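A structural walkthrough
Listed below, chain by chain, are the residues.
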Amino acid sequence: VQLQASGGGLVQPGGSLRLSCAASRRSFSGGYMAWFRQAPGKEREFVAAIRWSGGYTYYADSVKGRFTISRDKAKSTVDLQMNSLKPEDTAVYYCAVGERVIMSAMAIPRQYDYWGQGTQVTVSS
């Protein structure tokens with residue numbers, strides 16, 4: 001499975017960006033689609049996840065209320081709408097798919113089997 005992420009860029013604090021990730025496979029047997037991010041010198045961290053079946057969503061506390069994850073099963077895409085962006089949101093954002101991920105492990109990067117190439121998001125005035 002290949003994942004292609006897009007939509008990153010430079011935005012001022014308080015602005016918005018929408019990231020999109022397209023999977024090369026049309027459907028998955030289960031698990032989660034997720035977004036992670038990694039800032040320079042820091043570990044990769046969980047941002048948001050959506051369960052493939054049912055569409056239940058989960059967010060890191062740092063983005064709750066500002067970011068929205070969604071998926072289109074027909075197109076096999078997962079999007080991340082980011083509003084009220086802050087300088088601390090600056091990072092490379094990665095989409096990931098893990099068909100065997102369970103709820104208790106959705107925030108653990110090594111649980112995911114497939115990763116996109118990453119897209120840079122820079123929040124700066």
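Rules used throughout
- Residues numbered from 1 in each chain as written.
- Predicted model: local features only at pLDDT ≥ 70, side-chain atom pairs only at ≥ 80, totals over all residues.
- Heavy atoms only, no water.
- Pairing = 2+ DSSP bridges.
- Helix = DSSP H or I, 4+ residues; strand = E, 2+ residues; numbered from the N terminus.
- Salt bridge = Lys/Arg side-chain N within 4 Å of Asp/Glu carboxyl O.
- Buried < 20%, exposed > 50% of the residue type's maximum accessible area, 1.4 Å probe, protein only.
- Core = buried A, V, L, I, M, F, W, Y, C linked by side-chain atoms within 4.5 Å.
- Contact = heavy atoms within 4.5 Å.
- Polar contact = N/O pair within 3.5 Å; in protein donor to acceptor, adjacent residues only side chain to side chain.

**A short note on the pairing of strand β7 (residues 67-72)**
Across a regular strand the side chains alternate sides, sitting on one face of the sheet and then on the other. Strand direction decides the pairing type here: β7 and strand β8 (residues 77-82), joined by 6 bridges, are antiparallel. Along β8, the bridge assignment pairs I69 with L80. Hairpin connection, β7 to β8: the antiparallel pair is bridged by 4 residues, and S76 has positive phi, about 60 degrees.

**Here's the deal with the pattern of salt bridges**
Tallied over the full model, the rule gives 7 salt bridges. Salt-bridge contacts for R37 lead to E45; the nearest nitrogen and oxygen are separated by 2.6 Å. On the accessibility criterion, R37 (6% relative accessible area) is buried. It is possible to trace a salt-bridge network through shared partners that takes in R37, E45, R66 and D89.

**Notes on the nonpolar core**
In this structure, W35, L80, M82, Y93 and Y112 are the most contacted members of the largest nonpolar core, which totals 39 residues. Setting aside anything within four residues of it in sequence, one finds Y93 in contact with L19, W35, F36, R37, V47, F67, L80, M82, G118, T119 and V121.

**Points about unusual backbone geometry**
One non-glycine residue, S76, adopts positive backbone phi at about 60 degrees. Relative to the helices and strands, S76 is located in the loop between β7 and β8. Residues other than glycine seldom take positive phi values, yet S84 does so here, at roughly 50 degrees. Relative to the helices and strands, S84 is located in the loop between β8 and β9 (91-98). The class for S84 is partly exposed, based on a relative accessible area of 41%.

**Points about the side chain of R37**
Here R37 lies in strand β4 (residues 32-38). A distance of 2.6 Å separates polar atoms of two side chains, one belonging to R37 and the other to E45. Among the polar contacts listed, one links the side chain of R37 to the side chain of Y93, at a separation of 2.9 Å. When residues no more than four places from it in sequence are discounted, the contact partners of R37 are E43, R44, E45, V47, S62, V63, F67, E88, D89, A91, V92 and Y93.

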